[in-house]
Amino acid sequence: MLNQAAERSQEFAHKSLNAASKAKHDFEDSARDLTSHASHMIRNEPFKAMLVAAGVGAAVAALIGLLVRPHSNQRDH
């Protein structure tokens with residue numbers, strides 16, 4: 001019974017490692033495709049790429065501003 005548990009654990013670990021390796025490769029492929037698409041867009045449509053970058057920057061700045069501003073329900077008395 002102990003041997004079966006050890007074998008199942010080893011099989012689970014092996015499957016987990018394979019799944020993690022596949023996920024890593026899929027992520028790398030996606031990142032490579034995204035980088036290629038971004039480079040293509042920047043070369044062919046620089047103004048549009050600049051507007052997209054400005055929009056993303058503004059959205060990130062707004063999100064950070066919301067996260068760091070003091071909450072109105074926490075008042076010092």
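Conventions and cut-offs
- Residues numbered from 1 in each chain as written.
- Predicted model: local features only at pLDDT ≥ 70, side-chain atom pairs only at ≥ 80, totals over all residues.
- Heavy atoms only, no water.
- Helix = DSSP H or I, 4+ residues; strand = E, 2+ residues; numbered from the N terminus.
- Buried < 20%, exposed > 50% of the residue type's maximum accessible area, 1.4 Å probe, protein only.
- Areas by Shrake-Rupley, 256 points an atom, 1.4 Å probe, with all protein chains shown as cover.
- Lys, Arg positive; Asp, Glu negative; His and termini not counted.
- Charge placed at Lys NZ, Arg CZ, Asp CG, Glu CD.
- Salt bridge = Lys/Arg side-chain N within 4 Å of Asp/Glu carboxyl O.
- Patch = residues over 30% accessible without salt bridge, like charges linked within 9 Å, V, L, I, M, F, W, Y side chains within 5 Å.
- Axes fitted to C-alpha atoms, helices over the stretch in contact; angles between N-to-C directions.
- Parallel < 35°, antiparallel > 145°, perpendicular 65-115°, else oblique.
- Contact = heavy atoms within 4.5 Å.
- Nonpolar A, V, L, I, M, F, W, Y, C, P; charged D, E, K, R; others polar.

Attention shifts here to the overall build of the chain. Scanning the chain from N- to C-terminus turns up 2 helices and 0 strands. Counting across all 77 residues of the chain, residues that qualify as buried make up 3%. Put simply, the chain shows about 7,400 Å² of open surface, and 63% of that area lies on carbon and sulfur atoms. Here the chain contributes 9 positive and 8 negative side-chain charges, whose respective centroids are spaced 6 Å apart.

Here we come to the pattern of salt bridges. Under the counting rule described, the total for this entry stands at 5 salt bridges. In this structure, Lys22 and Asp26 form a salt bridge, with 2.9 Å as the shortest nitrogen-oxygen distance. With Lys22 and Asp26 both in helix α1 (residues 2-44), this residue pair falls 4 residues apart, about one helical turn. Lys22 sits in the exposed class, given a relative accessible area of 52%.

Taken together, the side chains of Val52, Val56, Val60, Leu63, Ile64, Leu67 and Val68 make up a nonpolar region of the molecular surface, amounting to roughly 670 Å² of accessible area. Within the element layout of this structure, Leu63 appears in helix α2 (residues 46-68).

Let's shift gears to the packing of α1 against α2. Two elements in contact, α1 and α2, have axes whose closest approach is 5 Å; the angle formed by their N-to-C orientations is 120 degrees. Relative to α2, α1 is oriented oblique. For the pair α1 and α2, the contacting residues are Met41, Ile42, Arg43 and Asn44 in the first and Pro46, Lys48, Ala49 and Val52 in the second. Classifying every residue of the contact of α1 with α2 by side-chain character gives 5 nonpolar, 1 polar and 2 charged.

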